[in-house]
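Secondary and tertiary structure notes
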Amino acid sequence: MGIDVNAPIFVISVAAELAEMHPQTLRQYDRLGIVRPSRAPGRSRRYSQRDIELLREVQKLSQEGVSLEGIKRIMELQNQVTGLRQRVVELSTQLDEAQRRAPDRSRVFAAGLAGDVVTLSRGQRPPAAATAVQQLGLVSLMERRSRLRALPAGKSAERNYADDDYVQSL
DNA sequence: GTTCTTACA
DNA sequence: TGTAAGGA
């Protein structure tokens, strides 16, 4: 059995040395919620090996010019991805078991045009592309785009046709 | 060890 | 804006 990367063992001075950072910087990251070590009984921080790796990741992002707010957001999203991946595994397993227990051949699932899941009867096809476009209310947008292409060539140098006001006026 | 405040680039 | 230092 190896060392648990999540075991909270390093005090802040050791963690700072391992991460090659100033202890005050680690406190700042903790306060901002970027890397939150666990706490020993009392108030002192205890960093895990995993925390050290996160600190190095933060260091890398910071050197690349990402602001601390941006880094915080990235960390949150990364946690979200991890959680969702785990959820996918759980649900896939449950689905497999459910299907093995009670095979239901009366329903078929397919991908809709927008990537959604649609339920069909056996032998039935998903809606054709044109129909789906109408259902999504994209017809007027497509008309606008064709009118944009129809504009006189000389005008293109004068203004940007992607300009919001201009597109709204069509 | 902690938090708060301040200085510097 | 981010890091480091000093004091309580």
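In this text, all values refer to a predicted model and were calculated from it rather than measured experimentally.

1. Notes on the protein's contact with DNA strand C
Every residue near DNA strand C is listed here: His22, Gln24, Thr25, Gln28, Tyr29, Ser62, Ser67 and Leu68. Sugar and phosphate atoms represent 81% of those atoms of DNA strand C found within 4 Å of the protein. Here threonine 25 contributes a side-chain N or O atom positioned 2.3 Å from a phosphate oxygen of DNA strand C. For DNA strand C, a phosphate oxygen lies 3.0 Å from a polar atom in the side chain of tyrosine 29.

2. Some words on helix 3 (residues 49-63)
In this model, helix 3 (15 residues) spans 21 Å end to end at C-alpha, consistent with the 21 Å of a helix rising 1.5 Å per residue. The elements touched by buried residues of helix 3 are helix 1 (12-19), helix 2 (23-32), strand 2 (45-46) and helix 4 (68-101). Where helix 3 ends, the next residue or the one after it, glycine 65, has phi of about 100°, a positive value.

3. As for the nonpolar core
As a rule of thumb, soluble globular proteins bury nonpolar side chains together. Counting residues in hydrophobic clusters, the biggest one holds 17 residues, and the most contacted among them are Leu26, Ile34, Tyr47, Ile52, Leu55 and Val58. Counting residues per element, the ones that place at least two in this core are helix 1, helix 2, helix 3 and helix 4. The residues contacting leucine 55, other than those within four sequence positions of it, are Ala19, Met21, Leu26, Tyr29, Val35 and Tyr47.

4. A closer look at unusual backbone geometry
Positioned with a positive phi, glutamate 20 is a non-glycine residue whose angle comes to about 55°. The exposure class assigned to glutamate 20 is exposed, which follows from its relative accessible area of 57%.

5. Overview of the packing of helix 1 against helix 3
Where helix 1 meets helix 3, the axes come as close as 9 Å, and the angle between the chain directions of the two elements is 50°. It follows from the interaxial angle that helix 1 and helix 3 lie oblique. In the packing of helix 1 onto helix 3, the handedness of the crossing is right-handed. For the pair formed by helix 1 and helix 3, the contact residues are Ala15, Leu18 and Ala19 on the first element and Ile52, Leu55, Arg56 and Gln59 on the second. Of the residues belonging to the contact of helix 1 with helix 3, the class tally is five nonpolar, one polar and one charged.

6. Description of the protein's contact with DNA strand B
Around DNA strand B, the surrounding shell consists of Val11, Ile12, Ser13, Gln24, Arg27, Arg39, Arg43, Ser44 and Arg45. Of what DNA strand B places within 4 Å of the protein, 81% of the atoms are sugar or phosphate. Side-chain polar atom of arginine 27 to a phosphate oxygen of DNA strand B: 2.8 Å apart, as the coordinates give it. In the model, a phosphate oxygen of DNA strand B is placed 2.6 Å from a nitrogen or oxygen of the arginine 45 side chain. Of all the elements in the fold, those that place two or more residues in the surface near DNA strand B are helix 1 and helix 2. Taken together, the residues that form the surface near DNA strand B break down as two nonpolar, three polar and four charged.

7. Description of the layout of surface pockets
Considering only enclosed or pocket space, the largest pocket measures out at about 330 Å³ in volume. Taken together, the elements giving at least two residues each to the lining of the largest pocket come down to helix 3 and helix 4. Of the residues forming the lining of the largest pocket, the biggest block, six residues, is contributed by helix 4. Within the lining of the largest pocket, the residues separate by chemical class into four nonpolar, four polar and seven charged. Taken as a whole, the second largest pocket encloses approximately 160 Å³ of empty space. In terms of lining, the second largest pocket is formed by Leu95, Ala98, Gln99, Ala102, Pro103, Asp104, Arg107 and Phe109. Taken together, the elements giving at least two residues each to the lining of the second largest pocket come down to helix 4 and strand 3 (107-111). No other element matches the three residues that helix 4 contributes to the lining of the second largest pocket. Residues belonging to the lining of the second largest pocket are distributed by class as follows: five nonpolar, one polar and two charged.

What counts as what
Residues numbered from 1 in each chain as written. Chains lettered and ligands numbered in written order. Predicted model: local features only at pLDDT ≥ 70, side-chain atom pairs only at ≥ 80, totals over all residues. Heavy atoms only, no water. Near = heavy atom within 4 Å. Polar contact = N/O pair within 3.5 Å; in protein donor to acceptor, adjacent residues only side chain to side chain. Helix = DSSP H or I, 4+ residues; strand = E, 2+ residues; numbered from the N terminus. Expected span 1.5 Å × (residues − 1). Contact = heavy atoms within 4.5 Å. Core = buried A, V, L, I, M, F, W, Y, C linked by side-chain atoms within 4.5 Å. Buried < 20%, exposed > 50% of the residue type's maximum accessible area, 1.4 Å probe, protein only. Axes fitted to C-alpha atoms, helices over the stretch in contact; angles between N-to-C directions. Parallel < 35°, antiparallel > 145°, perpendicular 65-115°, else oblique. Left-handed = near helix turned anticlockwise from the far one by under 90°. Nonpolar A, V, L, I, M, F, W, Y, C, P; charged D, E, K, R; others polar. 1 Å grid on protein atoms, 1.4 Å probe; cavity = no way out; pocket = protein on both sides within 12 Å on 5 of 7 lines; lining within 4 Å. Points joined across faces, edges and corners; volume = space filled by probe spheres on them.

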